[in-house]
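So the chains spell out like this:
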Amino acid sequence: MSEAIKWVKKDPLKENVFWPNEAMKERAWVSDESIYAEAKADPEGFWARQAEELHWSKHWDKAYEFAPQNYKWFVGGKLNLSYNSLDRHIEAGHGDRIALIWEPEPVDEEAVKLTYKELHRLVSKLANVLKGLGVQKGDRVGIYLPMIPEAVIAMQACARIGAPHSVVFSAFSPDSLRDRMIDAGAKVLITADGYYRRGKAINLKKNADAGIQGTPVEKVVVVKRLDGSVPMEAERDLWYHELIEGASAECPAEQMDSEDLAFLLYTSGTTGEPKGIMHTTGGYAVQSYITAKWDFDLHEGDVYWCTADVGWITGHTYINYGPLMNGVTSVMYEGSPDTPDCGRMWAIIEKHKITQLYTAPTAIRMFLKWGDEWPAKHDLSSLRLLGTVGEPINVDAWMWYFKKIGGGRCPIIDTWWQTESGATLVNSLPGIGPFIPTIAGRPFPGVIGRILDAGGSPVPAGEGGYLSIVSPFPPALTRGIYGDMERFKAQYYTEYGPERYFTSDGARVDEMGNIRITGRVDDVMNVAGHRLATAEVESALAQNDKVSEVAVVSRPHDLKGEVPVAFVLLKAGVAHSDEIRKELMGTVTTVIGPTGRPDEIIFVDDVPKTRSGKIMRRVLKALVRNEPVGDLTTLQNAESVDHLKEMIGYSG
Ligand code: PRX
């Protein structure tokens, strides 16, 4: 077994610091430190050089242009994301390579393998179907699909005709779907009859039917994944397989302006209302392509597996566009990692000889809990590199992943980024390192990160601050919030002005420039890798008419990272009961989906409030975390805190 990494004990305080060995350095796309200085000296030139690797039907005139809240990349250039993902490889003679491997959850079903040519054919057909339904360049298309190949086909088809997609996570509720379809103004939705999860057939069409009520959606394209027994509404609902069959496989890719909208993806902000993050074409293409290539060391013949759901940005960039633009094989798995048993992940790696695995800390903690015997049953020697994303990883989970899954030979690339950034921003590169538990690493070459105090001054190494990204901004960084540029400005460019993007993440940096992310500094939680605002859970609970007032805070959780805890005041005359607790859980499931369900609902008679009547969530957060509650002098009802302490057995 080749040793991809070696131990280095330079500093006794830093026990686990790993560096790439010679073999890893040789193989990696970049292995010379100088790339950082070179990119820093000329970020625009750096990104422009990377952009040359893609296909542009018209070269850009200017790499970067900046005006407050209006920055542009590759100005004047024209390209197509789907062309770069598919046609480019076929034209280079690689059309018979496998683009996608889909592993269904039921073990008796065969995996589906699509070559680049086959994928191109299906994408072109669906693109023509969409055109036939009246979708034109610039029209938004909703995608509400589970983890099936059609999710990638649908995104690619939209990209092919320049219709921005808006993918909604399939476990989101009908209400969530509705809000997003209305905000995006989508007239067509692509969904499925259902999917398998933990051995059960889940009916997705039912949710889609409920979710499109009251939206502009006029046509629904339905993929038949199950037995197709769902009701279809005449005129409105159309079977995907029937439409595809009759469609032409010739569909030239629409050449898009570099700054044309590529897609929308809704994510949680600090309010109850998710925001439509806008990504444009050229900058997104370039950064997705090059980060996928360098971070995950993608080479011809690699079989790369990102376990994220297509409904999240990680699925968009690192299941679909990033790997496909690199011409490798991207693996998708439909179901749950414990079906039929807790070894499914490792069985899939063995079966498809996966070379890179990219997953989330919450999943790693779960695998660790299930026990070493599961991975031990399988041959994981095909793995060359491991990645993590979504939340800070703890040392135990990192070491377990490194030793038990990576066999001590695979670097762990801890990628920090956001829906807004579209692609990775901070992580060590496989050929350069270092790989240190809990440390993401340096900003990707060409990305300028700064850790600032509240006033905007850089903090010294070792001290905590707020992570900010400085102009020239990374090319894939969001260009706006759909329909709400004021919110865009307020959220990202008010704290430190228009030239410094505010990430809402706390961080610290060491003397070598390696960054540790300490977590969100706003009211956004990461629940089992799912981004969720406390305000979203609050507004969901408030929709139940038995609720008078509600406050939601996050609490750390061993497996999920963080979980919501709800303090609920019921209306006069409504008594607390387990029934009501159940009902409220149901309300959250209906409004958001199962991801939003509180870990605990605490019924209270009063919550701490300021004199102006604002709930002091800071105090509630300290209470559920057993931390000091701090200064209470501004409270109008300080006695409520003592009462709460007693109720929840506070010992802080
Ligand atoms: O707090 C950071 C955390 O996830 C947030 C972004 O969530 P979302 O937009 O859903 O995108 C997740 C996938 C890119 C960030 O603000 N986060 C993401 N990656 C890491 C992380 N926290 C620590 N370490 C990471 N590697």
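Residues numbered from 1 in each chain as written. Predicted model: local features only at pLDDT ≥ 70, side-chain atom pairs only at ≥ 80, totals over all residues. Heavy atoms only, no water.

1. Things to note about the overall build of the protein
Moving on, step 1. For the protein, the count of helices and strands is 20 helices and 32 strands.
Moving on, step 2. Taking the principal axes of its C-alpha atoms as reference, the protein extends roughly 75 × 70 × 55 Å.
Moving on, step 3. By the burial criterion, 62% of the 652 residues in the protein qualify as buried.
Moving on, step 4. Taking as baseline every contact in the protein between residues at least 6 positions apart, the subset at least 24 positions apart corresponds to 71%.
Moving on, step 5. Surface accessibility of the protein: about 24,500 Å² in total, with carbon and sulfur atoms responsible for 49%.
Moving on, step 6. A gap of 1 Å separates the mean positions of the 71 positive and 88 negative side-chain charges of the protein. (Helix = DSSP H or I, 4+ residues; strand = E, 2+ residues; numbered from the N terminus. Buried < 20%, exposed > 50% of the residue type's maximum accessible area, 1.4 Å probe, protein only. Contact = heavy atoms within 4.5 Å. Areas by Shrake-Rupley, 256 points an atom, 1.4 Å probe, with all protein chains shown as cover. Lys, Arg positive; Asp, Glu negative; His and termini not counted. Charge placed at Lys NZ, Arg CZ, Asp CG, Glu CD.)

2. Structural notes on the site of the ligand
Moving on, step 1. As a structural note, the neighbourhood of the ligand is formed by 16 residues, with Asp-414, Thr-415, Thr-419, Asp-505 and Arg-531 the closest of them.
Moving on, step 2. Contact between the ligand and Gln-418: an oxygen atom at 3.0 Å from a side-chain N or O atom of the residue.
Moving on, step 3. Here Asp-505 contributes a side-chain N or O atom positioned 2.4 Å from an oxygen atom of the ligand.
Moving on, step 4. Looking at the shell around the ligand, the elements with two or more residues in it are strand 22 (412-415) and strand 27 (515-520).
Moving on, step 5. Split into classes, the residues belonging to the shell around the ligand amount to 5 nonpolar, 6 polar and 5 charged. (Near = heavy atom within 4 Å. Polar contact = N/O pair within 3.5 Å; in protein donor to acceptor, adjacent residues only side chain to side chain. Nonpolar A, V, L, I, M, F, W, Y, C, P; charged D, E, K, R; others polar.)

3. Here we look at the environment of Ile-469
Moving on, step 1. Looking at the secondary structure, you find Ile-469 in strand 24 (residues 464-470).
Moving on, step 2. Since its relative accessible area comes to 1%, Ile-469 is described here as buried.
Moving on, step 3. Along the chain, Ile-469 and Arg-450 lie 19 residues apart, while their C-alpha atoms are 6.2 Å from each other.

4. Here's the deal with the pairing of strand 12 (residues 200-203)
Moving on, step 1. Sheet topology places strand 11 (residues 194-197) next to strand 12; 4 bridges connect them, and they run antiparallel. The residue bridging Arg-197 from the neighbouring strand is Lys-200, located in strand 12.
Moving on, step 2. Connecting the antiparallel pair strand 11 and strand 12 is a turn made up of 2 residues, with Arg-198 showing a positive phi of about 50°. (Pairing = 2+ DSSP bridges.)

5. Considerations on the nonpolar core
Moving on, step 1. Ranked by size, the top nonpolar core spans 180 residues in total, and within it Leu-126, Trp-346, Leu-357 and Val-568 carry the most contacts.
Moving on, step 2. Here the element with the most residues in this core is helix 6 (residues 149-161); it accounts for 9 residues.
Moving on, step 3. Lining this core are residues from two domains, each supplying at least three of them: domain 1 (5-507) and domain 2 (521-648).
Moving on, step 4. The contacts of Leu-357, once residues within four sequence positions are left out, are Trp-305, Thr-307, Met-345, Trp-346, Ile-349, Leu-383, Leu-385, Leu-386, Gly-387, Tyr-401 and Ile-405.
Moving on, step 5. Judged by nonpolar contacts, the second largest core, of 20 residues, contains Val-553, Ile-615, Val-619 and Leu-620. (Core = buried A, V, L, I, M, F, W, Y, C linked by side-chain atoms within 4.5 Å. Domains from an automatic or database assignment.)

6. Topic: the packing of aromatic side chains
Moving on, step 1. Under the definition given, this model contains 38 aromatic pairs.
Moving on, step 2. What links up through ring pairs into an aromatic cluster is the set Phe-66, Tyr-71, Phe-473, Phe-488, Tyr-492, Tyr-493 and Tyr-501.
Moving on, step 3. It is Lys-293 that lies over the ring of Trp-29; its NZ or CZ is 4.1 Å from the centre.
Moving on, step 4. If you follow Arg-442 out to its NZ or CZ, it ends over the ring of Tyr-36, 4.2 Å from the centre. (Phe/Tyr/Trp six-rings, centres within 6.5 Å; stacked < 30°, edge-to-face > 60°. Lys NZ or Arg CZ within 6 Å of the ring centre and 35° of its normal.)

7. Section: unusual backbone geometry
Moving on, step 1. Here the bond from Thr-339 into Pro-340 is cis, since omega is 0°, no more than 30 degrees from zero.
Moving on, step 2. As for its placement among the helices and strands, Pro-340 is situated in the loop between strand 19 (329-333) and helix 12 (344-352).
Moving on, step 3. Across the junction of Gly-433 and Pro-434, the peptide omega takes the value -5°, indicating a cis bond.
Moving on, step 4. We note that Glu-235 has phi near 75°; this positive angle belongs to a residue other than glycine.
Moving on, step 5. You can see Glu-235 is positioned in the loop between strand 13 (219-223) and strand 14 (237-239).
Moving on, step 6. The class for Glu-235 is exposed, based on a relative accessible area of 66%.

8. Thoughts on a negative patch on the surface
Moving on, step 1. Judged by side-chain charge, Asp-179, Asp-183, Glu-273, Asp-484 and Glu-486 come together as a negatively charged surface patch.
Moving on, step 2. With respect to the secondary-structure elements, Glu-273 resides in the loop between strand 16 (261-267) and strand 17 (275-280). (Patch = residues over 30% accessible without salt bridge, like charges linked within 9 Å, V, L, I, M, F, W, Y side chains within 5 Å. Salt bridge = Lys/Arg side-chain N within 4 Å of Asp/Glu carboxyl O.)

9. Details of helix 15 (residues 395-405)
Since one α-helical turn is 3.6 residues long, residues separated by three or four positions face the same way.
Moving on, step 1. Within the span of helix 15, buried status applies to Ala-397, Trp-398, Met-399, Trp-400, Tyr-401, Phe-402 and Ile-405.
Moving on, step 2. Where helix 15 terminates, the next one or two residues include Gly-407, which has phi positive at roughly 55°.

10. A short note on the sheet that holds strand 23 (residues 449-452)
Moving on, step 1. Spatially, the 4 strands line up as an open sheet ordered 23-24-26-27, and their pairing is antiparallel. Both edges of this open sheet fall to strand 23 and strand 27, since each of them pairs with a single strand only. Strand after strand, the sheet turns through a mean of 45° between neighbouring axes, direction not considered.
Moving on, step 2. As defined by bridge partners, strand 23 adjoins strand 24 across 4 bridges and the pair is classed as antiparallel. Across the sheet, the residue bridging to Gly-449 is Ile-469, located in strand 24. (Axes fitted to C-alpha atoms, helices over the stretch in contact; angles between N-to-C directions.)

11. Remarks on the domain arrangement of the protein
By a frequent convention, interface size equals the accessible area lost on bringing the separate parts together.
Moving on, step 1. What the domain assignment reports for the protein is domain 1 (5-507) and domain 2 (521-648).
Moving on, step 2. Each of domain 1 and domain 2 has a C-alpha centre, and the two are 32 Å apart.
Moving on, step 3. Contact with domain 1, which involves 30 residues of that partner, is made by 26 residues of domain 2.
Moving on, step 4. With both chains or domains summed, domain 1 and domain 2 bury close to 1,900 Å², and 52% of this area falls on carbon and sulfur atoms.
Moving on, step 5. Broken down residue by residue, the surface that domain 1 buries against domain 2 is led by Ser-268, Thr-270 and Trp-312, which jointly contribute 24%.
Moving on, step 6. The tally of links between domain 1 and domain 2 comes to 1 salt bridge.
Moving on, step 7. Close ionic contact of Arg-531 with Glu-420 constitutes a salt bridge, the shortest N to O distance being 2.9 Å.
Moving on, step 8. Applying the counting rule to domain 1 against domain 2 returns 15 residue pairs in polar contact (both at pLDDT 80 or more).
Moving on, step 9. Listed by contribution, the elements that provide at least two residues to the side of domain 1 that touches domain 2 are helix 7 (174-184), helix 13 (361-370) and strand 26 (500-509). (Buried area = accessible area lost by both parts, 1.4 Å probe.)

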